[in-house]
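Summary of the model geometry
For reference, the chains in residue letters:
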Amino acid sequence: MNAPTAVSLLGLGEMGRALAGALLPGDHPVTVWNRTPGKAADLLSRGAVEAESAASAVDTAELIVVCLFDHASVHEILDPIVDRLRSRTVVNLTTTSPEQARELGRWAETAGIDYLDGGIMAVPSMIGNPGSEILYSGDESAFERFRPILDCWGTSSYFGEDAGLASLYDLALLAGMYVMFAGYMQGAALVATAGVSAADFAGRAAPWIAAMTGGLEEYGRVIDGGDYTVPGQQSLDFSDLSKMLEAAEEVGVGSRPIAMVQELISAQREAGHGPEAFARIYESVRRRD
Ligand SMILES: NC(=O)c1ccc[n+]([C@@H]2O[C@H](COP(=O)([O-])OP(=O)(O)OC[C@H]3O[C@@H](n4cnc5c(N)ncnc54)[C@H](OP(=O)(O)O)[C@@H]3O)[C@@H](O)[C@H]2O)c1
(Lines give C-alpha, C1' and ligand atoms only; values in the text may rest on other atoms or scores of the structure.)
Protein backbone atom coordinates (compact mmCIF):
# COMPACT_ATOMS: atom_id res chain seq x y z
CA MET A 1 0.00 0.00 0.00
CA ASN A 2 1.91 3.05 -1.25
CA ALA A 3 -0.57 5.88 -1.86
CA PRO A 4 -2.14 7.45 1.24
CA THR A 5 -5.49 5.91 2.17
CA ALA A 6 -8.37 8.16 3.18
CA VAL A 7 -9.59 6.92 6.57
CA SER A 8 -12.82 7.89 8.32
CA LEU A 9 -13.43 7.21 11.96
CA LEU A 10 -16.99 7.02 13.30
CA GLY A 11 -17.23 7.49 17.07
CA LEU A 12 -15.14 9.88 19.11
CA GLY A 13 -15.48 8.48 22.60
CA GLU A 14 -12.33 7.95 24.67
CA MET A 15 -11.19 5.11 22.43
CA GLY A 16 -12.24 6.62 19.11
CA ARG A 17 -10.27 9.80 19.86
CA ALA A 18 -7.18 7.76 20.73
CA LEU A 19 -7.47 5.72 17.51
CA ALA A 20 -7.91 8.82 15.36
CA GLY A 21 -5.06 10.62 17.14
CA ALA A 22 -2.64 7.77 16.49
CA LEU A 23 -3.28 8.02 12.71
CA LEU A 24 -2.65 11.75 12.46
CA PRO A 25 1.16 11.73 12.36
CA GLY A 26 0.93 9.55 9.21
CA ASP A 27 0.27 10.52 5.60
CA HIS A 28 -3.31 9.29 5.55
CA PRO A 29 -6.08 11.90 5.44
CA VAL A 30 -8.30 11.34 8.50
CA THR A 31 -11.96 12.34 8.66
CA VAL A 32 -13.82 12.01 11.96
CA TRP A 33 -17.48 12.02 12.95
CA ASN A 34 -19.29 11.72 16.25
CA ARG A 35 -23.02 11.62 17.02
CA THR A 36 -22.61 14.44 19.54
CA PRO A 37 -20.52 17.28 18.08
CA GLY A 38 -17.75 19.03 20.00
CA LYS A 39 -15.43 16.10 20.67
CA ALA A 40 -13.03 16.63 17.77
CA ALA A 41 -11.29 19.91 18.73
CA ASP A 42 -7.90 18.41 19.58
CA LEU A 43 -7.98 16.13 16.52
CA LEU A 44 -8.87 19.04 14.21
CA SER A 45 -5.97 21.09 15.54
CA ARG A 46 -3.71 18.15 14.63
CA GLY A 47 -4.93 17.82 11.04
CA ALA A 48 -8.15 15.78 11.10
CA VAL A 49 -11.22 16.93 9.19
CA GLU A 50 -14.66 16.72 10.81
CA ALA A 51 -17.60 15.45 8.75
CA GLU A 52 -21.10 16.79 9.33
CA SER A 53 -22.67 13.36 9.13
CA ALA A 54 -21.71 9.70 9.13
CA ALA A 55 -22.79 9.60 5.48
CA SER A 56 -20.41 12.34 4.39
CA ALA A 57 -17.61 10.81 6.49
CA VAL A 58 -18.04 7.54 4.61
CA ASP A 59 -18.14 9.15 1.17
CA THR A 60 -14.57 10.45 1.49
CA ALA A 61 -13.00 7.24 2.75
CA GLU A 62 -11.66 3.96 1.48
CA LEU A 63 -11.33 2.63 5.02
CA ILE A 64 -14.05 3.25 7.62
CA VAL A 65 -13.16 2.58 11.25
CA VAL A 66 -16.08 2.26 13.65
CA CYS A 67 -15.66 2.62 17.41
CA LEU A 68 -19.07 3.07 19.00
CA PHE A 69 -20.66 1.92 22.22
CA ASP A 70 -22.11 -1.48 21.27
CA HIS A 71 -23.51 -3.71 18.51
CA ALA A 72 -26.85 -1.87 18.44
CA SER A 73 -25.18 1.52 17.97
CA VAL A 74 -23.13 0.13 15.07
CA HIS A 75 -26.32 -0.88 13.24
CA GLU A 76 -28.00 2.39 14.22
CA ILE A 77 -25.25 4.35 12.46
CA LEU A 78 -24.33 2.04 9.57
CA ASP A 79 -27.74 0.70 8.47
CA PRO A 80 -28.97 4.03 7.04
CA ILE A 81 -25.75 4.43 5.01
CA VAL A 82 -25.24 0.83 3.95
CA ASP A 83 -25.40 1.64 0.22
CA ARG A 84 -22.60 4.16 0.57
CA LEU A 85 -20.41 1.54 2.24
CA ARG A 86 -20.51 -0.85 -0.72
CA SER A 87 -17.00 -1.75 -2.02
CA ARG A 88 -15.39 -0.05 0.97
CA THR A 89 -13.77 -1.66 4.01
CA VAL A 90 -15.27 -1.39 7.48
CA VAL A 91 -13.10 -2.15 10.50
CA ASN A 92 -15.37 -2.40 13.51
CA LEU A 93 -13.50 -1.94 16.79
CA THR A 94 -16.67 -1.66 18.89
CA THR A 95 -16.81 -4.40 21.53
CA THR A 96 -19.43 -6.99 20.57
CA SER A 97 -20.09 -10.62 21.41
CA PRO A 98 -18.72 -13.22 18.94
CA GLU A 99 -22.22 -13.88 17.55
CA GLN A 100 -22.84 -10.14 17.13
CA ALA A 101 -19.55 -9.87 15.23
CA ARG A 102 -20.59 -12.78 12.99
CA GLU A 103 -23.95 -11.13 12.38
CA LEU A 104 -22.16 -7.94 11.32
CA GLY A 105 -19.90 -10.03 9.07
CA ARG A 106 -22.95 -11.53 7.31
CA TRP A 107 -24.62 -8.10 7.12
CA ALA A 108 -21.49 -6.69 5.46
CA GLU A 109 -21.14 -9.60 3.02
CA THR A 110 -24.74 -9.17 1.87
CA ALA A 111 -24.09 -5.46 1.34
CA GLY A 112 -20.81 -5.95 -0.57
CA ILE A 113 -18.66 -4.48 2.21
CA ASP A 114 -15.25 -5.88 3.21
CA TYR A 115 -15.55 -6.42 6.95
CA LEU A 116 -12.93 -6.81 9.66
CA ASP A 117 -13.90 -7.12 13.29
CA GLY A 118 -11.46 -6.07 16.00
CA GLY A 119 -10.98 -6.52 19.72
CA ILE A 120 -8.86 -3.84 21.36
CA MET A 121 -6.52 -5.21 24.02
CA ALA A 122 -5.57 -1.79 25.37
CA VAL A 123 -6.90 1.28 27.13
CA PRO A 124 -6.96 4.56 25.19
CA SER A 125 -3.65 5.87 26.61
CA MET A 126 -1.89 2.74 25.30
CA ILE A 127 -3.05 3.15 21.68
CA GLY A 128 -0.01 3.66 19.42
CA ASN A 129 2.33 2.80 22.27
CA PRO A 130 4.20 -0.38 23.23
CA GLY A 131 1.94 -3.02 24.79
CA SER A 132 -1.10 -2.15 22.70
CA GLU A 133 -2.55 -4.99 20.64
CA ILE A 134 -5.65 -5.27 18.49
CA LEU A 135 -7.06 -8.67 17.55
CA TYR A 136 -8.72 -9.01 14.14
CA SER A 137 -10.89 -11.51 12.31
CA GLY A 138 -12.91 -11.41 9.11
CA ASP A 139 -11.73 -10.41 5.64
CA GLU A 140 -8.06 -11.43 5.45
CA SER A 141 -7.29 -9.48 2.29
CA ALA A 142 -8.60 -6.31 3.98
CA PHE A 143 -6.39 -7.05 6.98
CA GLU A 144 -3.32 -7.41 4.76
CA ARG A 145 -4.19 -4.40 2.58
CA PHE A 146 -4.70 -2.00 5.47
CA ARG A 147 -2.21 -3.50 7.89
CA PRO A 148 0.22 -0.53 7.76
CA ILE A 149 -2.66 1.64 9.04
CA LEU A 150 -3.81 -0.90 11.64
CA ASP A 151 -0.24 -1.15 12.91
CA CYS A 152 -0.35 2.56 13.89
CA TRP A 153 -2.46 1.47 16.89
CA GLY A 154 -0.23 -1.34 18.15
CA THR A 155 0.47 -4.96 17.31
CA SER A 156 -2.11 -6.27 14.83
CA SER A 157 -2.97 -9.96 15.22
CA TYR A 158 -5.19 -11.81 12.76
CA PHE A 159 -7.16 -14.93 13.80
CA GLY A 160 -9.13 -16.04 10.75
CA GLU A 161 -12.03 -15.43 8.36
CA ASP A 162 -14.66 -16.17 11.03
CA ALA A 163 -15.56 -12.60 12.07
CA GLY A 164 -16.39 -13.75 15.62
CA LEU A 165 -12.90 -14.97 16.46
CA ALA A 166 -11.39 -11.64 17.51
CA SER A 167 -14.24 -11.04 19.93
CA LEU A 168 -13.99 -14.61 21.24
CA TYR A 169 -10.27 -14.19 22.01
CA ASP A 170 -10.83 -10.68 23.37
CA LEU A 171 -13.51 -11.81 25.83
CA ALA A 172 -11.57 -14.95 26.77
CA LEU A 173 -8.49 -12.89 27.63
CA LEU A 174 -10.59 -10.39 29.57
CA ALA A 175 -12.20 -13.28 31.51
CA GLY A 176 -8.74 -14.33 32.68
CA MET A 177 -7.84 -10.76 33.55
CA TYR A 178 -10.95 -9.99 35.59
CA VAL A 179 -10.79 -13.19 37.63
CA MET A 180 -7.11 -12.46 38.32
CA PHE A 181 -7.97 -8.91 39.44
CA ALA A 182 -10.70 -10.27 41.73
CA GLY A 183 -8.13 -12.64 43.24
CA TYR A 184 -5.82 -9.71 43.97
CA MET A 185 -8.71 -7.85 45.63
CA GLN A 186 -9.54 -10.92 47.73
CA GLY A 187 -5.94 -10.95 48.95
CA ALA A 188 -5.94 -7.19 49.53
CA ALA A 189 -9.07 -7.51 51.70
CA LEU A 190 -7.40 -10.25 53.76
CA VAL A 191 -4.17 -8.34 54.47
CA ALA A 192 -6.05 -5.07 55.03
CA THR A 193 -7.25 -6.62 58.31
CA ALA A 194 -3.58 -6.50 59.43
CA GLY A 195 -3.24 -2.84 58.39
CA VAL A 196 -1.55 -3.51 55.03
CA SER A 197 -2.49 -1.07 52.28
CA ALA A 198 -3.84 -2.33 48.97
CA ALA A 199 -0.91 -0.60 47.23
CA ASP A 200 1.65 -2.41 49.40
CA PHE A 201 -0.08 -5.69 48.71
CA ALA A 202 -0.08 -4.93 44.97
CA GLY A 203 3.71 -4.63 45.08
CA ARG A 204 3.92 -8.12 46.54
CA ALA A 205 1.10 -9.68 44.52
CA ALA A 206 2.25 -8.53 41.06
CA PRO A 207 5.53 -10.51 40.90
CA TRP A 208 3.90 -13.52 42.58
CA ILE A 209 1.03 -13.65 40.09
CA ALA A 210 3.43 -13.02 37.19
CA ALA A 211 5.60 -15.95 38.35
CA MET A 212 2.53 -18.19 38.63
CA THR A 213 1.49 -17.51 35.04
CA GLY A 214 4.48 -19.69 34.11
CA GLY A 215 2.21 -22.64 34.94
CA LEU A 216 -0.43 -21.84 32.33
CA GLU A 217 1.28 -23.65 29.48
CA GLU A 218 1.52 -26.84 31.53
CA TYR A 219 -2.20 -26.57 32.40
CA GLY A 220 -2.85 -26.17 28.69
CA ARG A 221 -0.90 -29.35 27.88
CA VAL A 222 -2.79 -31.34 30.55
CA ILE A 223 -6.20 -30.05 29.42
CA ASP A 224 -5.45 -30.70 25.73
CA GLY A 225 -4.13 -34.17 26.59
CA GLY A 226 -7.40 -34.92 28.40
CA ASP A 227 -5.64 -37.09 30.99
CA TYR A 228 -5.85 -35.56 34.45
CA THR A 229 -4.05 -38.50 36.05
CA VAL A 230 -0.67 -37.56 34.52
CA PRO A 231 2.06 -37.59 37.16
CA GLY A 232 3.58 -34.40 38.55
CA GLN A 233 0.33 -32.45 38.85
CA GLN A 234 -1.02 -30.86 42.02
CA SER A 235 -4.16 -32.83 42.92
CA LEU A 236 -7.64 -31.47 43.51
CA ASP A 237 -7.51 -32.90 47.04
CA PHE A 238 -4.32 -30.92 47.72
CA SER A 239 -5.83 -27.79 46.15
CA ASP A 240 -8.67 -27.56 48.69
CA LEU A 241 -9.17 -23.87 49.56
CA SER A 242 -10.92 -24.41 52.92
CA LYS A 243 -8.07 -22.73 54.82
CA MET A 244 -8.48 -19.57 52.77
CA LEU A 245 -12.23 -19.58 53.37
CA GLU A 246 -11.63 -20.06 57.12
CA ALA A 247 -9.11 -17.21 57.15
CA ALA A 248 -11.61 -14.87 55.48
CA GLU A 249 -14.27 -15.93 58.01
CA GLU A 250 -11.84 -15.42 60.94
CA VAL A 251 -10.94 -11.87 59.94
CA GLY A 252 -14.47 -10.98 58.84
CA VAL A 253 -14.03 -10.31 55.12
CA GLY A 254 -15.94 -11.66 52.14
CA SER A 255 -14.70 -14.68 50.23
CA ARG A 256 -16.59 -14.84 46.95
CA PRO A 257 -13.51 -15.01 44.65
CA ILE A 258 -12.03 -17.99 46.53
CA ALA A 259 -15.47 -19.53 47.09
CA MET A 260 -15.96 -19.57 43.30
CA VAL A 261 -12.74 -21.56 42.82
CA GLN A 262 -13.55 -23.84 45.75
CA GLU A 263 -16.91 -24.58 44.16
CA LEU A 264 -15.18 -25.75 40.97
CA ILE A 265 -12.77 -27.91 42.97
CA SER A 266 -15.60 -29.38 45.10
CA ALA A 267 -17.67 -30.29 42.04
CA GLN A 268 -14.80 -32.39 40.67
CA ARG A 269 -13.93 -33.93 44.06
CA GLU A 270 -17.56 -34.87 44.68
CA ALA A 271 -17.55 -36.56 41.27
CA GLY A 272 -14.69 -38.73 42.54
CA HIS A 273 -11.73 -36.95 40.90
CA GLY A 274 -9.98 -35.71 44.09
CA PRO A 275 -6.64 -37.46 43.34
CA GLU A 276 -6.55 -36.03 39.81
CA ALA A 277 -4.96 -32.81 38.60
CA PHE A 278 -6.22 -29.37 39.65
CA ALA A 279 -6.53 -28.52 35.94
CA ARG A 280 -9.59 -30.79 35.94
CA ILE A 281 -11.71 -27.85 37.16
CA TYR A 282 -11.62 -26.89 33.46
CA GLU A 283 -14.14 -29.70 32.93
CA SER A 284 -16.60 -28.01 35.32
CA VAL A 285 -16.39 -24.82 33.27
CA ARG A 286 -16.47 -26.51 29.87
CA ARG A 287 -19.53 -28.60 30.63
CA ARG A 288 -21.30 -25.97 32.75
CA ASP A 289 -21.43 -28.51 35.68
N1 LIG B 1 -12.11 2.66 26.70
C2 LIG B 1 -11.46 1.50 26.75
O3 LIG B 1 -10.58 1.27 27.60
C4 LIG B 1 -11.79 0.42 25.75
C5 LIG B 1 -10.94 -0.70 25.66
C6 LIG B 1 -11.24 -1.70 24.73
C7 LIG B 1 -12.37 -1.60 23.95
N8 LIG B 1 -13.18 -0.49 24.07
C9 LIG B 1 -14.39 -0.44 23.25
O10 LIG B 1 -14.39 0.69 22.41
C11 LIG B 1 -15.74 1.12 22.21
C12 LIG B 1 -15.83 2.61 22.53
O13 LIG B 1 -15.39 2.78 23.86
P14 LIG B 1 -15.11 4.23 24.46
O15 LIG B 1 -14.22 4.05 25.61
O16 LIG B 1 -14.70 5.17 23.38
O17 LIG B 1 -16.57 4.59 24.98
P18 LIG B 1 -17.18 6.03 25.24
O19 LIG B 1 -16.12 7.01 25.63
O20 LIG B 1 -18.33 5.81 26.16
O21 LIG B 1 -17.73 6.47 23.81
C22 LIG B 1 -18.83 5.82 23.24
C23 LIG B 1 -18.97 6.32 21.83
O24 LIG B 1 -20.10 5.66 21.25
C25 LIG B 1 -20.99 6.67 20.77
N26 LIG B 1 -22.35 6.14 20.85
C27 LIG B 1 -22.95 5.55 21.89
N28 LIG B 1 -24.20 5.17 21.55
C29 LIG B 1 -24.37 5.56 20.27
C30 LIG B 1 -25.43 5.48 19.35
N31 LIG B 1 -26.57 4.86 19.69
N32 LIG B 1 -25.26 5.98 18.12
C33 LIG B 1 -24.09 6.58 17.79
N34 LIG B 1 -23.06 6.71 18.60
C35 LIG B 1 -23.19 6.20 19.83
C36 LIG B 1 -20.76 7.85 21.64
O37 LIG B 1 -21.24 9.01 20.99
P38 LIG B 1 -21.73 10.30 21.82
O39 LIG B 1 -20.48 11.08 22.13
O40 LIG B 1 -22.65 10.96 20.89
O41 LIG B 1 -22.41 9.78 23.06
C42 LIG B 1 -19.23 7.82 21.72
O43 LIG B 1 -18.63 8.28 20.53
C44 LIG B 1 -16.63 0.26 23.13
O45 LIG B 1 -17.24 -0.77 22.40
C46 LIG B 1 -15.63 -0.28 24.11
O47 LIG B 1 -16.02 -1.53 24.68
C48 LIG B 1 -12.91 0.52 24.93
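Residues numbered from 1 in each chain as written. Predicted model: local features only at pLDDT ≥ 70, side-chain atom pairs only at ≥ 80, totals over all residues.

Description of the packing of helix H8 (residues 165-192) against helix H9 (residues 198-212)
Where H8 meets H9, the axes come as close as 10 Å, and the angle between the chain directions of the two elements is 135°. Classified by the angle their axes make, H8 and H9 are oblique. Where H8 crosses over H9, the handedness of that crossing is right-handed. Counted together, Met-180, Tyr-184, Gly-187, Ala-188, Val-191 and Ala-192 of H8 and Ala-198, Phe-201, Ala-202, Ala-205 and Ile-209 of H9 form the full contact between these two elements. A breakdown of the residues in the contact of H8 with H9 according to their chemical character gives 10 nonpolar, one polar and no charged. (Axes fitted to C-alpha atoms, helices over the stretch in contact; angles between N-to-C directions. Helix = DSSP H or I, 4+ residues; strand = E, 2+ residues; numbered from the N terminus. Parallel < 35°, antiparallel > 145°, perpendicular 65-115°, else oblique. Left-handed = near helix turned anticlockwise from the far one by under 90°. Contact = placed C-beta atoms within 7 Å. Nonpolar A, V, L, I, M, F, W, Y, C, P; charged D, E, K, R; others polar.)

Quick word on the environment of Val-7
On the secondary structure map, Val-7 appears in strand S1 (residues 7-10). In the structure, Val-7 is positioned 160 residues away from Ser-167 in sequence and 23 Å away in space, judged by C-alpha atoms. Setting aside chain neighbours within four positions, we find Val-7 in contact with Leu-23, His-28, Val-30, Ala-61, Leu-63, Val-65 and Ile-149.

What to know about the domain arrangement of the chain
By domain assignment, the chain separates into domain 1 (7-168) and domain 2 (193-286). The C-alpha centroid of domain 2 is placed 39 Å from the C-alpha centroid of domain 1. (Domains from an automatic or database assignment.)

A few points about the site of the ligand
Taken together, 21 residues lie around the ligand, and Gly-13, Arg-35, Thr-36, Phe-69 and Thr-95 are the ones closest in. Listing elements by their share of the shell around the ligand, those giving two or more residues are helix H1 (14-23) and helix H4 (71-78). (Near = placed C-beta within 6 Å.)

Let's talk about the pairing of strand S6 (residues 114-121)
The two faces of a sheet get side chains in turn, since along a regular strand they alternate between them. Within S6, eight of the eight residues are buried, leaving the element largely enclosed by the surrounding structure. Here S6 shows no split at all, with Asp-114, Leu-116, Gly-118 and Ile-120 on one side and Tyr-115, Asp-117, Gly-119 and Met-121 on the other all buried. Across four bridges, strand S5 (residues 89-92) lies against S6 in parallel orientation. If you follow Val-90 over to S6, its bridge partner there is Tyr-115. As a crossover connection, the stretch from S5 through helix H6 (residues 98-111) into S6 is right-handed. Sheet topology places S6 next to strand S7 (residues 133-138); six bridges connect them, and they run antiparallel. (Buried ≥ 20, exposed ≤ 12 C-beta atoms within 10 Å, placed from the backbone. Pairing = 2+ DSSP bridges. Right-handed = clockwise from strand over helix to strand, strands pointing away.)

Here we look at the sheet that holds S7
Reading across from one edge, S3-S2-S1-S4-S5-S6-S7-S8 is the order of the eight strands in this open sheet, with mixed pairing throughout. The open sheet has two edge strands with one neighbour each: strand S3 (49-50) and strand S8 (155-158).

Let's talk about the environment of Glu-276
Residue position: Glu-276 is located in the loop between helix H12 (256-273) and helix H13 (281-286). Glu-276 gets classed as buried once you count the C-beta atoms within 10 Å, which come to 21. In this structure Glu-276 touches Tyr-228, Thr-229, Ser-235 and Leu-236, once residues within four positions along its chain are discounted.

Section: unusual backbone geometry
Even without being glycine, Ser-87 reaches a positive phi, approximately 70°. Mapping Ser-87 onto the fold places it in the loop between helix H5 (82-85) and S5. Ser-87 gets classed as exposed once you count the C-beta atoms within 10 Å, which come to 10.

Some points on H6
For H6, which comprises 14 residues, the first-to-last C-alpha distance of 20 Å matches the rise-based estimate of 20 Å (1.5 Å per residue) to within 8%. Of the surrounding secondary structure, the elements contacted by the buried residues of H6 are H4, S5, S6, S7 and H8. One or two positions beyond H6, positive phi appears at Gly-112, with a value near 75°. (Expected span 1.5 Å × (residues − 1).)

Quick notes on the pairing of strand S4 (residues 63-66)
With burial as the criterion, each face of S4 is covered, one bearing Leu-63 and Val-65 and the other bearing Ile-64 and Val-66. Here S1 runs beside S4; their pairing, made up of four bridges, is parallel. Bridge pairing links Val-7 to Leu-63 in S4. The pairing of S4 with S5 spans four bridges and is classified as parallel. Pairing of Leu-63 across the sheet is with Thr-89, part of S5.

Considering the packing of helix H11 (residues 242-251) against H12
Axis separation between H11 and H12 bottoms out at 10 Å; the angle between their running directions is 155°. Here H12 runs roughly antiparallel to H11, going by the angle between their axes. Here H11 runs over H12; the crossing is left-handed. The residues of H12 that touch H11, namely those facing Met-244, Leu-245 and Ala-248, are Ile-258, Ala-259 and Gln-262. For the contact of H11 with H12, the per-class residue count stands at five nonpolar, one polar and no charged.

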